[in-house]
Amino acid sequence: EAYKLLTTVEMTHSSRNTLYTREGAPRSVYDQSTAPAPFELVHTHPIIQLDAEGHVEKVVQSETKRGVCALPYDVYEPFMEAY
């Protein structure tokens, strides 16, 4: 059951930062001379991703980017136990 949850329930990982200008040039967060442009990376996927034949292709895990509250209520507890 745990393996099934980790290969089928989608988890969202995201990160928002201001490390770029509106033009896409890199900037330091300490540089007050350039205006920041919020940038967000978001990816939703199972923790264990399988290939077309059902073999493990990759494991995606990031504690700092994990959005656990986006899990369906009825899946939350068993998923977190499996995780």
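Worth saying up front: this structure is predicted, and the values here are computed from it rather than measured.

> Is there a simple way to explain the packing of aromatic side chains in this structure?
Any pair of aromatic rings gets described here by the distance separating the centres and the angle formed by the planes. One pass over the full model with this rule turns up 2 aromatic pairs. Residues Tyr20 and Phe39 carry aromatic rings whose centres are separated by 5.4 Å and whose planes lie at 65° to one another, so their mutual orientation is edge-to-face. You can see Tyr20 sitting in the loop between strand E1 (10-17) and strand E2 (39-46) and its partner Phe39 sitting in strand E2, a full 19 residues away along the chain. Taking the relative accessible area as the measure of exposure, Tyr20 reaches 33% and is therefore partly exposed. Residue classification places Phe39 among the partly exposed positions, given a relative accessible area of 34%. Taking the centre distance of 6.0 Å and the plane angle of 20° together, the rings of Phe79 and Tyr83 count as stacked. Tyr83 sits in the partly exposed class, given a relative accessible area of 28%.

> I'm lost on a nonpolar patch on the surface in this one. Help?
Residues Leu19, Tyr20, Val29, Tyr30, Phe39 and Leu41 make up a contiguous nonpolar surface patch of about 600 Å² in total accessible area. Topologically, Tyr30 is positioned in the loop between E1 and E2. Taking the relative accessible area as the measure of exposure, Tyr30 reaches 73% and is therefore exposed.

> Even after reading the chapter, I still don't get the pattern of salt bridges, so can you show me in this structure?
Where charged atoms from two side chains of opposite charge approach closely, those side chains can pair. For the structure on display, the rule yields 1 salt bridge. For the salt bridge of Glu40 with Arg16, the shortest nitrogen-to-oxygen distance reads 3.9 Å. Here Glu40, found in strand E2, pairs with Arg16, found in strand E1; they are 24 residues apart in sequence, far enough to count as distant. Overall, Arg16 belongs to the exposed group, its relative accessible area being 60%.

> Honestly, the nonpolar core in this entry has me stumped. Any pointers?
The nonpolar side chains of a soluble globular protein tend to be buried, and buried together. Among the nonpolar cores identified, the biggest contains 9 residues, and these are Leu5, Leu6, Val9, Met11, Ile47, Ile48, Leu71, Val75 and Phe79. When contributions to this core are tallied by element, the ones reaching two or more residues are helix H1 (2-8) and helix H2 (73-82). Not counting the four nearest positions on each side in its chain, Leu6 is found in contact with Pro46, Ile47, Ile48, Phe79, Ala82 and Tyr83.

> Help me understand the side chain of Thr7 in this model?
Relative to the assigned elements, Thr7 resides in helix H1. Reaching out from Thr7, the side chain makes a polar contact with the backbone oxygen of Tyr3 at a distance of 3.0 Å. Here Lys4 takes part through its backbone oxygen, which lies 3.1 Å from a polar atom of the side chain of Thr7. Excluding its chain neighbours within four sequence positions, the residues that come into contact with Thr7 are Pro46, Ile48 and Leu50.

> Could you clarify how one ought to interpret the environment of Val60 in this entry?
Within the secondary structure layout, Val60 lies in the loop between strand E4 (56-59) and H2. Here Val60 is in contact with His13, His45, Ile47 and Gln49, once residues within four sequence places are set aside.

Calculation rules
- Residues numbered from 1 in each chain as written.
- Predicted model: local features only at pLDDT ≥ 70, side-chain atom pairs only at ≥ 80, totals over all residues.
- Heavy atoms only, no water.
- Phe/Tyr/Trp six-rings, centres within 6.5 Å; stacked < 30°, edge-to-face > 60°.
- Helix = DSSP H or I, 4+ residues; strand = E, 2+ residues; numbered from the N terminus.
- Buried < 20%, exposed > 50% of the residue type's maximum accessible area, 1.4 Å probe, protein only.
- Patch = residues over 30% accessible without salt bridge, like charges linked within 9 Å, V, L, I, M, F, W, Y side chains within 5 Å.
- Areas by Shrake-Rupley, 256 points an atom, 1.4 Å probe, with all protein chains shown as cover.
- Salt bridge = Lys/Arg side-chain N within 4 Å of Asp/Glu carboxyl O.
- Core = buried A, V, L, I, M, F, W, Y, C linked by side-chain atoms within 4.5 Å.
- Contact = heavy atoms within 4.5 Å.
- Polar contact = N/O pair within 3.5 Å; in protein donor to acceptor, adjacent residues only side chain to side chain.

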